[in-house]
Amino acid sequence: MIGVLNHVAIVVPDLKLAAETYRNTLGASVSAPVDLPDHGVTTIFVNLPNTKIELLHPLGIDSPIAKFLERNPDGGMHHICYEVKDIFAAKNKLLEAGARITGDGEPKIGAHGKPVLFLHPKSFMGTLIEIEQA
Ligand code: CO
């Protein structure tokens, strides 16, 4: 069901420092920061030859990643995103298999303008998984 790895998302306490580290220490191609107010995050995209890394920082008071940063003040890996062809087919298959989907279980438009679902870490060995219809 899942296809290619779309991105790995890392929450960082200092976006500027994170961008400099990826650019200068790791030699990666790094975008300018992008505010996504609907998602409560500011994002920097690190473009790798085969996938992307998203550096995430809370934006606004209700950011869904604020608590994560409180629990992990140095930052850390937040989720991984796999592509699927059909988000509703994927959802049905996941529910049949007993997997937990977060929130109300309905696909939402994600940070890239495509429908996404988040799958509960308890169903996937402690890792929050995002699936995106590519
Ligand atoms: Co994501």
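If you're wondering where the values come from, they're calculated on a predicted model, not measured in any experiment.

(A) Up close: the overall build of the protein chain. For the protein chain, the helix and strand inventory stands at three helices and nine strands. When the helices and strands of the protein chain are placed in sequence order, the string is β-α-β-β-β-β-α-β-α-β-β-β. Each principal axis of the C-alpha atoms in the protein chain carries an extent, and together these give about 45 × 35 × 25 Å. When burial is assessed residue by residue, the protein chain has 40% of its 134 residues classed as buried. Approximately 7,700 Å² of the protein chain is accessible, and the part contributed by carbon and sulfur atoms is 57%. Of the charged side chains in the protein chain, 12 are positive and 15 negative, and the gap between their average positions amounts to 5 Å.

(B) Local environment of the pattern of salt bridges. Considering all chains together, one arrives at three salt bridges under this definition. Linking Asp-104 and Lys-108 is a salt bridge whose minimum nitrogen-to-oxygen distance equals 2.9 Å. Among the residues examined, Lys-108 registers a relative accessible area of 44% and is labelled partly exposed.

(C) Local environment of the nonpolar core. Leu-55, Leu-119 and Ile-131 are the most contacted members of the largest nonpolar core, which has 25 residues in total. For this core, the secondary structure elements donating two or more residues are strand S1 (5-11), helix H1 (15-25), strand S4 (41-47), strand S5 (52-58), strand S6 (76-84), helix H3 (87-96), strand S8 (115-119) and strand S9 (128-133). In this view, Ile-131 contacts Tyr-82, Val-84, Ile-87, Ala-90, Leu-94, Pro-115, Val-116, Leu-117 and Leu-119; residues no more than four positions away in its chain are not counted. Residues Val-11, Leu-36, Val-41 and Leu-69 belong to the second largest nonpolar core, which totals eight residues.

(D) Region of interest: the pairing of S8. Note: strand S7 (residues 108-109) against S8, two bridges, orientation antiparallel. Looking at S8, one finds that Ile-109 is bridged to Pro-115. Hairpin remark: S7 followed by S8, antiparallel, with five residues in the connecting loop; positive phi at Gly-113, about 75°. Here four bridges tie S8 to S9, and the two strands are oriented antiparallel to one another. By the bridge assignment for S9, Phe-118 is matched with Glu-130.

(E) Summary view of unusual backbone geometry. Here the phi dihedral of Met-125 falls at roughly 55°; this positive angle occurs in a residue that is not glycine. Judged by its relative accessible area of 76%, Met-125 falls in the exposed class.

Rules used in this analysis
- Residues numbered from 1 in each chain as written.
- Predicted model: local features only at pLDDT ≥ 70, side-chain atom pairs only at ≥ 80, totals over all residues.
- Heavy atoms only, no water.
- Helix = DSSP H or I, 4+ residues; strand = E, 2+ residues; numbered from the N terminus.
- Buried < 20%, exposed > 50% of the residue type's maximum accessible area, 1.4 Å probe, protein only.
- Areas by Shrake-Rupley, 256 points an atom, 1.4 Å probe, with all protein chains shown as cover.
- Lys, Arg positive; Asp, Glu negative; His and termini not counted.
- Charge placed at Lys NZ, Arg CZ, Asp CG, Glu CD.
- Salt bridge = Lys/Arg side-chain N within 4 Å of Asp/Glu carboxyl O.
- Core = buried A, V, L, I, M, F, W, Y, C linked by side-chain atoms within 4.5 Å.
- Contact = heavy atoms within 4.5 Å.
- Pairing = 2+ DSSP bridges.

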